[in-house]
Amino acid sequence: MEVPIIIPARIGSKRIPQKPMSMILGEEAIAMVAKIAKGSRSSSSVTVLSDDIGVLNRADKEGVKVAISKGEFRNGTERALEYALRTF
């Protein structure tokens, strides 16, 4: 069964500021996560969901879908749920 992958990526983290753009082994975290998700055999699509245009631009370079999250959320699960409810 194929399923969509939704990756919530909030830039304003209090614990790790700029977390999606943090460098891991010379690459932005969001780029690394997008590549791994694209490689999943059960994925029908990969979407990076963020409130930051810089994160979305970087994810777009990896060839995944991007979407702006709308509203305030307590966590990534709420952010992804809002997107899923308005999209699927």
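Before reading on, note that the structure itself is shown above.
In what follows, the accompanying structure is described. Positions within a chain are numbered from 1, following the residues in the order the chain's sequence is written. Per-residue local features of the predicted model are confined to residues with pLDDT of at least 70, and side-chain atom pairs are confined, for both listing and counting, to 80 or more; whole-chain, interface and lining totals are unaffected and use all residues. To get the side-chain values, take all heavy atoms of the structure and skip hydrogens and water.

What follows concerns the packing of aromatic side chains. Geometry of aromatic contacts follows a simple scheme: Phe, Tyr and Trp rings, the Trp one being its six-membered ring, pair when their centres are within 6.5 Å, and the pair is stacked under 30 degrees between planes, edge-to-face over 60, tilted otherwise. Considering all chains together, one arrives at 1 aromatic pair under this definition. When the ring of Tyr83 is compared with that of Phe88, the centres are 6.3 Å apart and the planes differ by 90°; the resulting orientation is edge-to-face. Think of it in three bands: residues with accessible area under 20% of the maximum for their type are buried, residues over 50% are exposed, and the middle band is partly exposed, with areas taken using a 1.4 Å probe on protein chains only. By relative accessible area, which is 8% here, Tyr83 ends up buried. In this structure Phe88 comes out as exposed when scored by relative accessible area, which is 59%.

The rule for a salt bridge is simple: a side-chain nitrogen of Lys or Arg has to be within 4 Å of a carboxyl oxygen of Asp or Glu. Across all of its chains, the model carries 5 salt bridges by this definition. Here Arg74 and Glu78 are joined by a salt bridge, their closest N and O atoms 2.5 Å apart. Exposure remark for Glu78: the relative accessible area of 24% places this residue in the partly exposed category. A salt bridge links Glu82 to Arg86, with the shortest nitrogen-to-oxygen separation between them at 2.8 Å. Here Glu82 and its partner Arg86 are both found in helix α3 (residues 76-87), 4 residues apart, which amounts to about one turn of the helix. Counting from the N terminus, the helices are the DSSP runs of H or I reaching at least four residues and the strands are the DSSP runs of E reaching at least two.

A few words on helix α1 (residues 29-38). For α1, every residue scored as buried is listed here: Ala29, Ile30, Ala31, Ala34 and Ala37. Note on definitions: a residue-residue contact is assigned when non-hydrogen atoms from the two residues lie within 4.5 Å. The secondary structure elements touched by the buried residues of α1 are β1 (3-9), β2 (23-24), β3 (27-28), β4 (43-50) and α2 (53-60).

Attention now moves to the sheet that holds β1. For two strands to count as paired, DSSP must find a minimum of two bridges between them. Pairing in this open sheet of 3 strands is parallel, and the strands run β1-β4-β5 from one edge to the other. The sheet is open, and its two edges are formed by β1 and β5 (65-68), each paired on a single side. Each strand axis lies, on average, 25° off the axis of its neighbour in the sheet, ignoring direction. Of the strand pairs in this sheet, β1 and β4 are connected by 7 bridges, and their pairing is parallel. Counterpart to Ile5 in the pairing with β4 is Val46. Axis angles are defined between N-to-C directions and span 0 to 180 degrees, where every axis is a line fitted to C-alpha atoms and, for a helix, only to the segment in contact.

Only buried Ala, Val, Leu, Ile, Met, Phe, Trp, Tyr and Cys residues count toward a nonpolar core, and they belong to the same one when joined by side-chain atoms within 4.5 Å. Core analysis: the largest hydrophobic core is formed by 12 residues, namely Ile7, Ala9, Ile11, Ile30, Ala34, Ala37, Val46, Val48, Val55, Leu56, Ala59 and Val64. Listing elements by their share of this core, those giving two or more residues are β1, α1, β4 and α2. Leave out the neighbours within four places in its chain, and Val46 touches Ile5, Ile7, Ala37, Lys38, Val64 and Lys65.

A few words on the environment of Glu2. Position of Glu2 relative to the elements: it lies in the segment before β1. Other than its neighbours up to four places away in sequence, Glu2 contacts Ser42, Ser43 and Ser44.

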